[in-house]
Amino acid sequence: MEQSKKNNHKSNFREQSQEKILEASLKLFLEQGFENTSTREIANLAKCSEALIFKYFTNKKNLLCIIISNWFNNRAQALAVLDQSQNIDEEIHLLIRWFFVSYLAEKNLNKLFVSQILNNNENKDVIFSRYDYVSKRNSIISQRIAKYGIPFDEKFTQLLDIVHGYVMLIVLVRNTPVEEYEVKIKNIADMVLTIIKNK
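Q: If you had to explain unusual backbone geometry to someone new, which residues and values would you point to?
A: Even without being glycine, Lys47 reaches a positive phi, approximately 55 degrees. The topology assignment puts Lys47 in the loop between helix H2 (39-46) and helix H3 (50-56).

The structure is reproduced here in structure tokens:
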């Protein structure tokens, strides 16, 4: 009984420490950039020793990979519990809106991820975590549109990638005013529906 309490205490301490370290890492990565952040700074912000960071995480890159992986898992889960649509028009609008919301919700984290892909080829694990996420995302979307008789084939996948890239451009690069998003969502959804229905 006593041993069980000690084990639970250790487990809780480990989880809380890891969470504090990840939160501090994310905050500093977003504020200073991945390359400009040291593990000493992370330790100071997390109020722990550098040794504790390396006890739980391999290195700074490992911290980044876990942050990105957790973020992708959260996005996939948000998509999985998205409201059910009544028809294909509503479904496409829901999906386009989800793309916008997922980029807006973590705008700076998206920018951090993109910067790592563009500027740091050493962080291959970050890129691989994206492929795992895209696979999960596509699997969920294919199940959602299947009930409307829309095949999730190569053409639809390419269309989805184009839409994804365009939404990323609108939110992250162009800094389009939020009040214009509803019009953008409608226009993109209408375009996708036109392509699907004219296949």
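Q: Tell me what's going on with empty space enclosed by the protein, and back it up with residues and numbers.
A: Counted by the stated rule, this structure contains one cavity of 30 Å³ or more. If you add up the space inside the largest cavity, you get close to 70 Å³. Forming the boundary of the largest cavity are Ile92, Leu95, Ile96, Phe99, Phe156, Leu159, Leu160, Val163 and Val192. Going through the elements one at a time, helix H5 (88-105) and helix H8 (154-173) are the ones with two or more residues in the lining of the largest cavity. Taken together, the residues that form the lining of the largest cavity break down as nine nonpolar, no polar and no charged.

Q: Can you explain the packing of helix H6 (residues 107-119) against H8? Please cite residues and give values.
A: The interhelical angle for the contact between H6 and H8, taken along N-to-C directions, is 110 degrees, at an axis separation of 10 Å. One element, H6, and the other, H8, form an angle in the roughly perpendicular class. In the packing of H6 onto H8, the handedness of the crossing is left-handed. Contacts from Lys107, Asn110, Lys111 and Val114 of H6 reach H8 at Met168, Val171 and Leu172. Of the residues contributing to the contact of H6 with H8, the split by class is four nonpolar, one polar and two charged.

Q: An account of the packing of aromatic side chains is requested, with residue identities and associated values reported.
A: Across all of its chains, the model carries eight aromatic pairs by this definition. Geometrically, the ring pair formed by Trp71 and Phe72 is stacked, given 4.8 Å between the ring centres and 20 degrees between the ring planes. Overall, the relative accessible area of 5% leaves Trp71 in the buried class. Geometrically, the ring pair formed by Phe152 and Phe156 is tilted, given 5.3 Å between the ring centres and 50 degrees between the ring planes. Taking relative accessible area as the criterion, Phe152 reaches 25% and is therefore assigned partly exposed. Each residue in the set Trp71, Phe72, Phe113 and Tyr133 is aromatic and connected to the rest through ring pairs, giving one cluster. Above the face of the Phe34 ring, Lys60 is positioned so that its terminal group lies 4.5 Å from the ring centre. Above the plane of the ring of Tyr103 lies Arg75, whose end atom (NZ or CZ) is 5.0 Å from the centre.

Q: Could you give an account of the nonpolar core, with specific residues and numbers?
A: Within the largest apolar cluster, 56 residues are counted, with the highest numbers of intra-cluster contacts made by Ile21, Ile96 and Phe100. Ranked by residue count, the leading element in this core is H5, at nine residues. Ile96 has contacts with Val163, Ile185, Ile188, Ala189 and Val192, leaving out every residue within four places of it along the chain.

Each value, and the rule that gives it
Residues numbered from 1 in each chain as written. Predicted model: local features only at pLDDT ≥ 70, side-chain atom pairs only at ≥ 80, totals over all residues. Heavy atoms only, no water. Helix = DSSP H or I, 4+ residues; strand = E, 2+ residues; numbered from the N terminus. 1 Å grid on protein atoms, 1.4 Å probe; cavity = no way out; pocket = protein on both sides within 12 Å on 5 of 7 lines; lining within 4 Å. Points joined across faces, edges and corners; volume = space filled by probe spheres on them. Nonpolar A, V, L, I, M, F, W, Y, C, P; charged D, E, K, R; others polar. Axes fitted to C-alpha atoms, helices over the stretch in contact; angles between N-to-C directions. Parallel < 35°, antiparallel > 145°, perpendicular 65-115°, else oblique. Left-handed = near helix turned anticlockwise from the far one by under 90°. Contact = heavy atoms within 4.5 Å. Phe/Tyr/Trp six-rings, centres within 6.5 Å; stacked < 30°, edge-to-face > 60°. Buried < 20%, exposed > 50% of the residue type's maximum accessible area, 1.4 Å probe, protein only. Lys NZ or Arg CZ within 6 Å of the ring centre and 35° of its normal. Core = buried A, V, L, I, M, F, W, Y, C linked by side-chain atoms within 4.5 Å.

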